[in-house]
Amino acid sequence: MKVLVIGNGGREHAIVQALAKSPKVEKIYAMKGNAGIGELAELVSVDYCDIKAVGDWVDAHTEIDYTVIAPDDPLALGLADELEGRGHRVFGPRKNAAIIEASKAFSKELMKKYNIPTAKYETFSSYEEAKAYVETCEIPVVLKADGLALGKGVLICKTREEAIEGVKEMMLDKKFGTAGNKIVVEEFLEGPEVSALAFTDGKTIKPMITSCDHKRALTGDLGLNTGGMGTFSPAPFYGEKTQKEVMEKIMIPTVQAMNAEGRTFKGVLYFGLMKTKDGMKVIEYNSRFGDPETQVILPMLKTDLMEIFEAVTDERLDEVEIEWEEGCCVCLVLASGGYPEKYEKGKEITIGDLDEGVVLCHAGTAMKDGKLVTSGGRVLGVCAKGADIEEARKKAYKNAEKIKFDGMYYRTDIGVKYRDVERE
Ligand code: AMP
Ligand code: GLY
């Protein structure tokens, strides 16, 4: 098969690396990819958020048998519908299902209507009403911009002053653009967080191994929220008991709710969960693979990813047995100085001899005049496996030292989090 992968981050490199191992896949194209992806795929320079242009490109390239849509924005814009409408096979939910990520107001409503455990909340479209509400609500409180905001549209307000200022920033100053026209004001929850991703064809749900992200930019969970500075897999506090609870109270009810709403979800459904004293609760849904979660999940997948993708498309996921390697995996993100705010691009990257089994997932990298250079905030993910998290973590850090570019920074505590949380 000839497969097109949409996207250009570390997640897409992990997907491309998994597809490259499939005996079914003979050629991969990536739109628009990055330097690492370019080693395995032919890069295509079309703006993937211009869904008509993508449709025209796929129409014109009749050799393409299948398209994998990895990022949230083209899914929210309806790229799956556009390609399906033109008779192409795709992996990724339709627009009316991708809304589960694209609108927090929608996802909160859905959870309320179908009794799916989540933080209590109120939704506001008026600045005056939101301000009045946070003047008296319980503190801490969490403010969320309704729309897509690159994972940054969430403010955890520890004081009332911060909450009032936050409502102003979102609704009046438009800090997150139009994503903040409507906001969700939510109860503050506490507990360890886990990303639980699952493949679903709308009938069957097959969970992947779990992982934990590190969203803050700096060591010790300090600094601004980012797309994710590193991950490890699996979550040590998420055993069979929790998996059963999540399947019964969250995963199955969510897939059924989407069916009942006429919004059947086919693709990867990402459950961002918190283990609270009152049980597992949904913090967020995503309509796609996580980044950098995918960089620790797919290296552990033993089953052919292409076979799973096709089974989802054809609604026969029940027929596929998905197998995972034993052990743990850690992904350490190397970022450009200044990220997630302003940073410079075009810095030359040098990579020494990496230990066997260490995999690099390229995110913001490009080739310029024959040299590998930085082209984004998150530049590389150093992914290493081990018998336990500590072994994987040591290997990732040891190998990160062999990589250099001007301004490079990374957290020094990826994989340390939740060591003290009761294991399950
Ligand atoms: P989200 O983009 O919804 O995943 O939120 C980003 C981060 O904010 C999450 O990973 C949590 O760490 C935190 N967060 C979101 N909602 C809540 C909440 N209700 N209580 C506590 N922390 C939250
Ligand atoms: N790592 C968080 C996300 O992909 O949304």
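Residues numbered from 1 in each chain as written. Chains lettered and ligands numbered in written order. Predicted model: local features only at pLDDT ≥ 70, side-chain atom pairs only at ≥ 80, totals over all residues. Heavy atoms only, no water.

Draft legend 1. Inspection of the overall build of the protein at higher detail. Regarding its fold elements, the protein presents 13 helices and 24 strands. The globule rule puts the C-alpha radius of gyration for 424 residues at 22 Å, and the 21 Å found for the protein is close to it. The burial tally for the protein puts 56% of its 424 residues in the buried class. Considering only contacts in the protein between residues 6 or more positions apart, those separated by 24 or more positions represent 69%. Summed over all atoms, the accessible surface of the protein reaches about 17900 Å², with 48% contributed by carbon and sulfur. Across the protein, the 57 positively charged side chains and the 70 negatively charged ones have centroids separated by 2 Å. (Helix = DSSP H or I, 4+ residues; strand = E, 2+ residues; numbered from the N terminus. Rg over C-alpha atoms; globule rule 2.2 N^0.38 Å. Buried < 20%, exposed > 50% of the residue type's maximum accessible area, 1.4 Å probe, protein only. Contact = heavy atoms within 4.5 Å. Areas by Shrake-Rupley, 256 points an atom, 1.4 Å probe, with all protein chains shown as cover. Lys, Arg positive; Asp, Glu negative; His and termini not counted. Charge placed at Lys NZ, Arg CZ, Asp CG, Glu CD.)

Draft legend 2. Examining the site of ligand 1 more closely. Taken together, 15 residues form the shell around ligand 1, and within it E186, E187, L189, E193 and E284 come nearest. K104 places a side-chain nitrogen or oxygen 3.3 Å from an oxygen atom of ligand 1. Within the contact set of ligand 1, a nitrogen atom lies 3.0 Å away from a side-chain nitrogen or oxygen of K144. Residue assignment for the shell around ligand 1 shows that the elements contributing at least two residues are strand 7 (141–145), strand 8 (154–157), strand 9 (183–187) and strand 17 (279–286). Here the shell around ligand 1 is built from residues that sort into eight nonpolar, no polar and seven charged. (Near = heavy atom within 4 Å. Polar contact = N/O pair within 3.5 Å; in protein donor to acceptor, adjacent residues only side chain to side chain. Nonpolar A, V, L, I, M, F, W, Y, C, P; charged D, E, K, R; others polar.)

Draft legend 3. Fine view of the nonpolar core. Ranked by internal contacts, the top residues of the largest apolar core, which has 51 residues, are Y238, M251, F271 and L273. The dominant element in this core, judged by the number of residues it contributes, is helix 10 (residues 240–260), at seven residues. In contact with F271, not counting residues within four places along its chain, are V194, S195, A196, A198, I250, M251, T254, E284 and Y285. Counting residues in each nonpolar core, the second largest holds 44 residues, with I28, I308, F309 and V333 among its members. (Core = buried A, V, L, I, M, F, W, Y, C linked by side-chain atoms within 4.5 Å.)

Draft legend 4. A look at empty space enclosed by the protein. Evaluation of the coordinates by the stated rule reveals three cavities of 30 Å³ or more. Computed from the structure, the largest cavity encloses a volume of approximately 60 Å³. Along the walls of the largest cavity sit I100, E101, K104, S107, K108, M111, K144, E186, I283, E284 and Y285, which together make up its complete lining. At the level of elements, helix 6 (95–102), helix 7 (104–113) and strand 17 are the ones that each hand at least two residues to the lining of the largest cavity. Considered as a void within the structure, the second largest cavity measures approximately 50 Å³ in volume. The wall of the second largest cavity is formed by G10, D291, Q295, V333, C361, A363, R378, L380 and G381. Counting residues per element, the lining of the second largest cavity draws most heavily on strand 23 (residues 378–386), at three residues. Residue classes in the lining of the second largest cavity are distributed as four nonpolar, three polar and two charged. (1 Å grid on protein atoms, 1.4 Å probe; cavity = no way out; pocket = protein on both sides within 12 Å on 5 of 7 lines; lining within 4 Å. Points joined across faces, edges and corners; volume = space filled by probe spheres on them.)

Draft legend 5. How the structure looks around the pattern of salt bridges. Under the definition given, this model contains 38 salt bridges. A salt bridge links K52 to D56; its shortest N-O distance comes to 3.2 Å. Here the residue K52 and the residue D56 both occupy positions in helix 3 (residues 51–60), the gap between them amounting to four residues, near one helical turn. Residue classification places D56 among the partly exposed positions, given a relative accessible area of 37%. (Salt bridge = Lys/Arg side-chain N within 4 Å of Asp/Glu carboxyl O.)

Draft legend 6. The arrangement of the packing of helix 1 (residues 10–20) against helix 12 (residues 305–313) in detail. Viewed as axis vectors pointing N to C, helix 1 and helix 12 meet at an angle of 105°, and their least axial separation amounts to 7 Å. Considered as vectors, helix 1 and helix 12 are oriented roughly perpendicular to each other. Within the contact between the two elements, helix 1 uses I15, A18 and L19 and helix 12 uses L305, M306 and F309. Looking at the contact of helix 1 with helix 12 residue by residue, the class counts come to six nonpolar, no polar and no charged. (Axes fitted to C-alpha atoms, helices over the stretch in contact; angles between N-to-C directions. Parallel < 35°, antiparallel > 145°, perpendicular 65-115°, else oblique.)

Draft legend 7. Structural view of the packing of helix 6 against helix 7. Orientation of helix 6 relative to helix 7, taken along the N-to-C sense of each, is 95°, at an axis distance of 6 Å. Regarding the angle of helix 6 to helix 7, the classification is roughly perpendicular. Contacts between helix 6 and helix 7 involve I99, I100 and A102 from the first element and K104, F106, S107 and L110 from the second. Looking at the contact of helix 6 with helix 7 residue by residue, the classes come out as five nonpolar, one polar and one charged.

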